[in-house]
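# Structural characterization, general
Below, each chain spelled out in residue letters.
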Amino acid sequence: MHKKLTKKVLKAIESWIGIRLNLRQRYRIIVRSQPRAHRKIKFTQEKKLAKAHFAKRLSEISNTHAISYNKFRLSSAKTRWGSCSRKRNINLNWRLIFAPPGILDYVIMHELSHLTHMNHSKAFWAHVERMMPDYKTHRAWLKKNGRLLSRATNKIQIH
Ligand SMILES: [Zn+2]
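Calculation notes
- Residues numbered from 1 in each chain as written.
- Predicted model: local features only at pLDDT ≥ 70, side-chain atom pairs only at ≥ 80, totals over all residues.
- Heavy atoms only, no water.
- pLDDT = per-residue confidence, 0-100.
- Helix = DSSP H or I, 4+ residues; strand = E, 2+ residues; numbered from the N terminus.
- Contact = heavy atoms within 4.5 Å.
- Salt bridge = Lys/Arg side-chain N within 4 Å of Asp/Glu carboxyl O.
- Buried < 20%, exposed > 50% of the residue type's maximum accessible area, 1.4 Å probe, protein only.
- Donors = N, O, S within 2.8 Å, 3.2 Å for Na, K, Ca; no water.

### Things to note about the confidence of the model for the protein chain
Predicted coordinates in areas of low pLDDT are best not read in detail. Looking at the protein chain as a whole, the pLDDT averages 78, with 69% of positions reaching at least 70. For the protein chain, the element scoring lowest by mean pLDDT is helix α2 (residues 23-33), at 45; helix α5 (residues 122-131) scores highest, at 97. Here residues 17-39 is a poorly scored stretch, pLDDT under 50, and it has 35 contacts once near neighbours within four places are set aside; other chains count. When the criterion is pLDDT under 50, residues 155-159 qualifies, and its contacts beyond four places in sequence or with other chains add up to 26 contacts.

Here's what the structure looks like:
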């Protein structure tokens, strides 16, 4: 990966999450401790944080809207932010930990709405809108920044 792009995505991630995770510092530590090319960040800590935080948020939102789900799992898909199954299981992408808080809520409400409407019909979007009247802003954010976020968190490599 080009250094310029790496810097750009790290900067983007930092501005989204603030200094809480101190990613740049971790990044430097990891790079310094590995002498060869193919240096990677595994985001172990962030995944752990995501698992706990997403489970809490999903539980809160589903309670507020009286929608029950079965199990929650953390996913590592490259481009898919969330999914759900007929068994009412919800999967949320750990990479959302780097997105602004409203984005996670939107993805959760999107998936919870799929438990009623297993499609993207007008009725589905009306359901999402009732849960989150400003959902379009968040949906647009994901469309605009999703690829960058996905790329930035897909094991950053430097040569
Ligand atoms: Zn959907």
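### Regarding the pattern of salt bridges
A full pass over the atoms with the stated rule returns three salt bridges. In this structure, E60 engages K56 in a salt bridge whose closest nitrogen and oxygen atoms are separated by 3.3 Å. On the criterion of helical spacing, the pair formed by E60 and K56 is a turn pair, its members being four residues apart in helix α3 (residues 44-64). E60 gets classed as partly exposed once you look at its relative accessible area, which sits at 31%.

### Digging into the coordination of the zinc ion
All of the protein donors around the zinc ion are H110 (NE2), H114 (NE2) and H120 (NE2); their distances to the metal are 2.0 Å. Mapped onto the sequence, the residues coordinating the zinc ion show the spacing H-x3-H-x5-H. Remark: H120 occurs in the loop between α4 (101-114) and α5 and H110 occurs in helix α4; sequence separation between them is ten residues.

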